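One letter stands for each residue in the lines below.
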Amino acid sequence: MTFLTHWNYDLFAQADDVDDITWNDLSMNEIFVRVNNCDTSVGEEVLYWRLRKCGMSEADRDAFERSAAAKS
């Protein structure tokens, strides 16, 4: 994960997102590395943002799950 990915996320982080302490406690950087099949840095940024969001709608979550499953 690049510094730029985390920096871009920090610009738009909201109160209900996963905070840094929880992110680190769950070893989410390792999970990010394992599921990251992105070809571009933009794709990495979107994946990182999606993993940090708690407030996704059920439809968004289902679409994300289908997309992740198709790429694994």
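See the structure shown above.
Just so it is clear, the structure is predicted and the values come from calculations on it, not from any experiment.

S.K.: Sorry if this is basic, but what is going on with the overall build of the protein here?
M.R.: Within the protein one finds five helices and zero strands. Along the protein, from the amino end to the carboxyl end, the secondary structure elements read α-α-α-α-α. Sorting the 72 residues of the protein into buried and exposed places 22% on the buried side. Summed over its atoms, the accessible surface of the protein is roughly 5200 Å², and 56% of this surface lies on carbon and sulfur atoms.

S.K.: Please explain the pattern of salt bridges as it appears in this structure.
M.R.: Any two side chains of opposite charge can pair, so long as their charged atoms come close to each other. One pass over the full model with this rule turns up two salt bridges. Lys53 is paired through a salt bridge with Asp17; the nearest N and O atoms lie 3.3 Å apart. Remark: Asp17 occurs in the loop between helix H1 (3-12) and helix H2 (20-25) and Lys53 occurs in the loop between helix H4 (41-52) and helix H5 (58-71); sequence separation between them is 36 residues. Overall, Asp17 belongs to the buried group, its relative accessible area being 8%.

S.K.: Quick question: what am I supposed to make of the side chain of Asn36 here?
M.R.: Within the fold, Asn36 resides in the loop between helix H3 (28-35) and H4. Looking at Asn36, the relative accessible area reads 18%, which means it is buried. Only 3.0 Å separates the side chain of Asn36 from the backbone nitrogen of Cys38, close enough to count as a polar contact. A distance of 3.0 Å separates polar atoms of two side chains, one belonging to Asn36 and the other to Glu44. Not counting residues up to four positions away in its chain, the partners in contact with Asn36 are Glu44 and Leu47.

S.K.: Just checking my understanding: could you explain the packing of aromatic side chains for this structure?
M.R.: Geometry of an aromatic ring pair is reported as the spacing of the ring centres plus the angle between the planes. In total, this model carries two aromatic pairs according to the counting rule given. Ring geometry for Phe32 versus Tyr48: centroids 5.8 Å apart, planes at 85°, classification edge-to-face. Here Phe32, found in helix H3, pairs with Tyr48, found in helix H4; they are 16 residues apart in sequence, far enough to count as distant. On the basis of relative accessibility, which here comes to 1%, the residue Phe32 falls in the buried class. Put simply, the rings of Trp23, Phe32 and Tyr48 touch in pairs and so form one group of aromatic residues.

S.K.: Would you explain H5 in this entry?
M.R.: Residues spaced three or four apart along an α-helix face the same direction, because each turn holds 3.6 residues. Its 14 residues give H5 an end-to-end C-alpha distance of 20 Å, which sits within 8% of 20 Å, the value for a rise of 1.5 Å per residue. Within H5, only one of the 14 residues are buried, which leaves it mostly out in the open.

Rules of the game
- Residues numbered from 1 in each chain as written.
- Predicted model: local features only at pLDDT ≥ 70, side-chain atom pairs only at ≥ 80, totals over all residues.
- Heavy atoms only, no water.
- Helix = DSSP H or I, 4+ residues; strand = E, 2+ residues; numbered from the N terminus.
- Buried < 20%, exposed > 50% of the residue type's maximum accessible area, 1.4 Å probe, protein only.
- Areas by Shrake-Rupley, 256 points an atom, 1.4 Å probe, with all protein chains shown as cover.
- Salt bridge = Lys/Arg side-chain N within 4 Å of Asp/Glu carboxyl O.
- Polar contact = N/O pair within 3.5 Å; in protein donor to acceptor, adjacent residues only side chain to side chain.
- Contact = heavy atoms within 4.5 Å.
- Phe/Tyr/Trp six-rings, centres within 6.5 Å; stacked < 30°, edge-to-face > 60°.
- Expected span 1.5 Å × (residues − 1).

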